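Structural characterization, general
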Amino acid sequence: MPAVQETVDRVRQIDVDQYRYGFETIIESEKAPKGLSEDTVRFISAKKNEPEWMLEWRLEAFRRWQTMEEPTWARVDYPKIDYQDLYYYSAPKKKELASLDEVDPEILKTYEKLGIPLREQEMLAGVVRPEGERRVAVDAVFDSVSVATTFQAELKKAGVIFMPISEAIREHPELVKKYLGTVVPTSDNYFATLNSAVFSDGSFVYVPEGVRCPMELSTYFRINSAGSGQFERTLLIADEGAYVSYLEGCTAPQRDENQLHAAVVELIAMDGAEIKYS
């Protein structure tokens, strides 16, 4: 298969020493106590100001996970994961943010170095863009929290909801309750069950019936804190006849030790809807 061989050849040409996203951002972080227990799950839920139904959903998943065994993968060799030697929540120390201007400058510099556009002001001010280049709304997740989500107001005019899933749980509980876990249930597999118990942030998207999302959407996950896991949760719903293009990306500092990233993405396309996901 030529296409497969081309991919293999390109991967072999990559010089891992030239990985340009391997830098670390030096900031103060707030962490959950190391280890995993019901107290950890309650800690995460409390940090997110979640309603009781969400906490119970998490706890049910955690209790199920305790009865499961980690799968053994064919042709994959990695050190045994010590799930009690991880931080399941890590977030930049900060006050409540009223605007992007209040985000830690070091975090903003990080996304600038990664080439992720978080400042929508220049776009809204009419800065000329290259012909054919589309605007992209971005949800930037740093460790366990979303630090910025752009173009929310403009998307809202079209009826599109684009926000961190932690906010959607509070602001749109009827939609989250209806669709969360319908594609990847808490019982699906070992890591999906773990994610259901301890997911911290990710994106929520809802595109109403017959609406074509006016811009591309993107979520960018950055794992920065050493010894932590990142458990993103994405829930995207395109109602009947809707269209949305959505991109996810993730990078992490280059370290000698491994870090765990266990994600769950649920895409729900109703009759006649189209989701372009990459």
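Before going into details, it helps to say that this report is about the structure given with it. Keep in mind that this is a model prediction, so the values were computed, not measured. (Residues numbered from 1 in each chain as written. Predicted model: local features only at pLDDT ≥ 70, side-chain atom pairs only at ≥ 80, totals over all residues. Heavy atoms only, no water.)

Some words on helix α3 (residues 52–65)
Note the cut-off: Only DSSP runs of H or I covering at least 4 residues are called helices, and only runs of E covering at least 2 are called strands; the numbering of each starts at the N terminus. A helix's residues, less one, multiplied by 1.5 Å, set its expected span. When accessible area is computed with a 1.4 Å probe and restricted to protein chains, residues below 20% of their type maximum are described as buried, those above 50% as exposed, and intermediate ones as partly exposed. By definition in these notes, contact holds between two residues if any of their heavy atoms fall within 4.5 Å.
Helix length check: α3, at 14 residues, gives a terminal C-alpha distance of 20 Å against a target of 20 Å (1.5 Å per residue), a fit within 8%. Turning to α3, its buried residues number three or more, namely Met-54, Leu-55, Trp-57, Arg-58, Leu-59, Ala-61, Phe-62 and Trp-65. Those residues of α3 that are buried lie in contact with α2 (38–47), α7 (165–171), α9 (190–198) and β8 (233–238).

Focus on the environment of Asp-271
Its location among the elements puts Asp-271 in the loop between β10 (264–269) and β11 (274–277). The class for Asp-271 is exposed, based on a relative accessible area of 63%. Through-space distance from the C-alpha of Asp-271 to that of Gly-241 is 6.5 Å; in sequence the pair is 30 residues apart. The residues touching Asp-271, leaving out its near neighbours within four places in the chain, are Glu-240 and Gly-241.

Some thoughts on the pattern of salt bridges
Note the cut-off: The term salt bridge refers to a pairing of a side-chain nitrogen on Lys or Arg with a carboxyl oxygen on Asp or Glu at a separation within 4 Å.
Scanning the entire structure with this criterion turns up 7 salt bridges. One salt bridge in this structure joins Lys-47 and Glu-30, with 2.4 Å as the shortest N-O distance. Placement of Lys-47 in helix α2 and of Glu-30 in strand β1 (residues 29–31) is noted, with a sequence separation of 17 residues between them. Exposure remark for Glu-30: the relative accessible area of 31% places this residue in the partly exposed category. Members of the salt-bridge network, linked through shared partners, are Glu-38, Arg-42 and Arg-63.

Re the pairing of strand β9 (residues 243–251)
Put simply, the test is: Think of it this way: DSSP has to see at least two bridges between two strands before they count as a pair.
As judged from the 6 bridges shared by strand β7 (residues 216–222) and β9, these two strands associate in the parallel manner. For Leu-217, the partnering residue across the bridge sits in β9 and is Tyr-246. Of the pairings in the sheet, the one linking β9 to β11 comprises 4 bridges and is parallel in character. Looking at the pairing, Val-244 lines up with Ile-275 of β11.

Honestly, that's just the spatial picture; any functional story needs more than this.
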